[in-house]
Number of protein chains: 2
Amino acid sequence: MPPHSSNPDEIIPDIVIGRLPIYLRALMRLSQEGREVTSSHELGRILGISSAQIRKDLSHFGGFGKQGTGYQIAYLEDKLRQVLQVNREWEIALVGAGDLGQAVANYRGFADRGFHIACVFDSNPQKIGKQSGKFVIQPMSELKETIISKGIQIAMIAVPAEYAQEVANQLVDAGIRAILNYAPISINVPDGVHVQYIDPVAHLQRMTYYLK
Amino acid sequence: MPPHSSNPDEIIPDIVIGRLPIYLRALMRLSQEGREVTSSHELGRILGISSAQIRKDLSHFGGFGKQGTGYQIAYLEDKLRQVLQVNREWEIALVGAGDLGQAVANYRGFADRGFHIACVFDSNPQKIGKQSGKFVIQPMSELKETIISKGIQIAMIAVPAEYAQEVANQLVDAGIRAILNYAPISINVPDGVHVQYIDPVAHLQRMTYYLK
DNA sequence: ATTTTCTTGTGCAAATTATCACACATCCAT
DNA sequence: ATGGATGTGTGATAATTTGCACAAGAAAAT
């Protein structure tokens, strides 16, 4: 195999994929600061990761840097976007319009980084039809049809823990391929459906262990 | 070393610590459902983790189960709380009272699981003194004194990315030992200070990689 | 031109993490 | 009592992940 080229058959460890958004975040900041070039060393210092790991991670996808010089920030940023497929807009379905769901719906960070909330669902008849920010809350009965007709592949769950599994089942049935779950409970989905969790309390509990 | 006893000198991998809150979450659910006993197999099925891994993780802290029977849920729950030091209340300082900070301040999940937001700070003079939920927003100038006088060890950052590092510096200076950072940026802190991140977009980007 | 400095990409080794598989303990049914 | 079923804790093994160290390319300095 020639140098500086990635093997398309290679299966890349998920732990590597998980670091790419972190690299992308750092690159965005650097370019925002007007910087044009960086190095694995600098990125490592910023992120608290070894430079060797950064180079090895990036090398899975090709040789993006130049010896003696480092990485062109804009170029690497673009390449990472291609790899992660975030060089486009994604539409998201949100389930749950309680306090948590409303907060998620109004969080600016999604739209700023290419994720557009396209529809919001809730089971509470009191809420159906009401405006939540820029969204009209739809009933759960419309979930499948809406998701399919809009071709949505990503959903977020912001319902109480006891309903999260049932909601996940409905989302999978509607063809959803990726779920971001804000409910503090693990959910089961078939192979091929990806799940990530947001549980701030779990993060806090992970840190209290060290507070002797 | 006798069986069923943990070695207090042993350094336990952080990745193991990171799974304990997940186990605890599952145990809480099981006991809420009225269950009294479970097994590493059942937990594994619920969580999508191998039973061997669960047994080995737990064995770092002692033998909590009984051969042939499994684990008493209430007992294991209590033991995990002891290990994680969450068998008590923790007070938290919150920095940032914008949209994100307000949402965090009003999130019920913290108090429900033993984390009590004790004070809220913001640099915007317009907001100082205003009521945000049950809190009166304090100026940044009072941060250090308030944190020290209340003996707070944990803080959450919910300010724009460009201010996150400066806020982190002030928190460290005030003696904070653990930070939950909602700003989408990596921050640098001295050894001995722990940081965890909440970045929903990073989670989404990790999943879009797989959406071919 | 030549040397020095810098930095990538990568083969190899080390460290970490996960899994296997089994001795031993317990319960239950008969 | 006894046999079968169940399930823990753990030593050994396998797999994964990280870090080291260096050849080679590129720029800057002399």
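Residues numbered from 1 in each chain as written. Chains lettered and ligands numbered in written order. Predicted model: local features only at pLDDT ≥ 70, side-chain atom pairs only at ≥ 80, totals over all residues. Heavy atoms only, no water.

## Here we look at the packing of aromatic side chains
All names here are of chain A.
Part 1 of the reasoning: Summed over the entire model, instances satisfying the criterion amount to six aromatic pairs over all chains.
Part 2 of the reasoning: Relative to Tyr75, the ring of Phe64 lies with its centre 6.5 Å away and its plane at 80°, an arrangement referred to as edge-to-face. Placement of Phe64 in the loop between helix H3 (51–59) and strand E2 (71–72) and of Tyr75 in helix H4 (residues 73–84) is noted, with a sequence separation of eleven residues between them.
Part 3 of the reasoning: Given the relative accessible area of 11%, Phe64 is considered buried.
Part 4 of the reasoning: One cation-aromatic arrangement involves Lys212 over Tyr209; the distance from NZ or CZ to the ring centre is 4.5 Å. (Phe/Tyr/Trp six-rings, centres within 6.5 Å; stacked < 30°, edge-to-face > 60°. Helix = DSSP H or I, 4+ residues; strand = E, 2+ residues; numbered from the N terminus. Buried < 20%, exposed > 50% of the residue type's maximum accessible area, 1.4 Å probe, protein only. Lys NZ or Arg CZ within 6 Å of the ring centre and 35° of its normal.)

## Thoughts on the sheet that holds strand E8 (residues 178–181) of chain A
Residue and element names in this part refer to chain A.
Part 1 of the reasoning: In spatial order, the strands read E5-E6-E4-E3-E7-E8-E9; together these seven strands make up an open sheet with mixed pairing. The open sheet has two edge strands, strand E5 (131–132) and strand E9 (194–197), and neither has a second partner.
Part 2 of the reasoning: Pairing of strand E4 (residues 115–122) with strand E6 (residues 135–139) involves three bridges; the strand directions are parallel. In the sheet register, Asp122 faces E6, and the bridge partner there is Pro139.
Part 3 of the reasoning: Across the sheet, helix H8 (residues 161–173) is in contact with strand E3 (90–95), strand E7 (154–157) and E8; its angle to E7 comes to roughly 165°. (Pairing = 2+ DSSP bridges. Contact = heavy atoms within 4.5 Å. Axes fitted to C-alpha atoms, helices over the stretch in contact; angles between N-to-C directions.)

## What about the interface of chain B and chain A?
Part 1 of the reasoning: The interface is formed by 61 residues belonging to chain B together with 61 residues belonging to chain A.
Part 2 of the reasoning: Put simply, chain B and chain A have eight salt bridges between them.
Part 3 of the reasoning: The partner of Arg25(A) in a salt bridge is Asp199(B), and the shortest N-O contact between them spans 3.0 Å.
Part 4 of the reasoning: Taken together, chain B and chain A are joined by 14 residue pairs in polar contact (both at pLDDT 80 or more). (Salt bridge = Lys/Arg side-chain N within 4 Å of Asp/Glu carboxyl O. Polar contact = N/O pair within 3.5 Å; in protein donor to acceptor, adjacent residues only side chain to side chain.)

## Observations concerning the protein's contact with DNA strand D
Part 1 of the reasoning: Surveying the vicinity of DNA strand D reveals 28 residues, the closest of which are Arg19(A), Lys56(A), Gln67(A), Gly68(A) and Ser40(B).
Part 2 of the reasoning: Take the atoms of DNA strand D that sit within 4 Å of the protein: sugar and phosphate atoms are 61% of them.
Part 3 of the reasoning: The separation between a base oxygen of DNA strand D and a polar side-chain atom of Lys56(A) is 2.7 Å.
Part 4 of the reasoning: A distance of 2.8 Å separates a phosphate oxygen of DNA strand D from a polar atom in the side chain of Tyr71(B).
Part 5 of the reasoning: Contributing elements (two or more residues each) for the surface near DNA strand D: helix H1 (14–32) and H3 of chain A together with helix H3 (51–59) of chain B.
Part 6 of the reasoning: The biggest single contributor to the surface near DNA strand D is H3(A), with four residues.
Part 7 of the reasoning: Grouping the constituent residues of the surface near DNA strand D by class yields six nonpolar, 15 polar and seven charged. (Near = heavy atom within 4 Å. Nonpolar A, V, L, I, M, F, W, Y, C, P; charged D, E, K, R; others polar.)

## Observations concerning the domain arrangement of chain A
Part 1 of the reasoning: Under the domain assignment, chain A is made up of domain 1 (14–84) and domain 2 (90–199).
Part 2 of the reasoning: A separation of 31 Å is found between the C-alpha centroids of domain 1 of chain A and domain 2 of chain A. (Domains from an automatic or database assignment.)

## Comments concerning the protein's contact with DNA strand C
Part 1 of the reasoning: If you check the shell around DNA strand C, you find 27 residues, and the closest are Ser40(A), Arg55(A), Gln67(A), Tyr71(A) and Gln67(B).
Part 2 of the reasoning: The sugar and phosphate moieties of DNA strand C supply 65% of its atoms located within 4 Å of the protein.
Part 3 of the reasoning: Within the side chain of Arg55(A), a nitrogen or oxygen atom sits 2.8 Å from a base nitrogen of DNA strand C.
Part 4 of the reasoning: Looking at the surface near DNA strand C, the elements that each hand over two or more residues are H3 of chain A together with helix H1 (14–32) and H3 of chain B.
Part 5 of the reasoning: Residues belonging to the surface near DNA strand C are distributed by class as follows: five nonpolar, 15 polar and seven charged.

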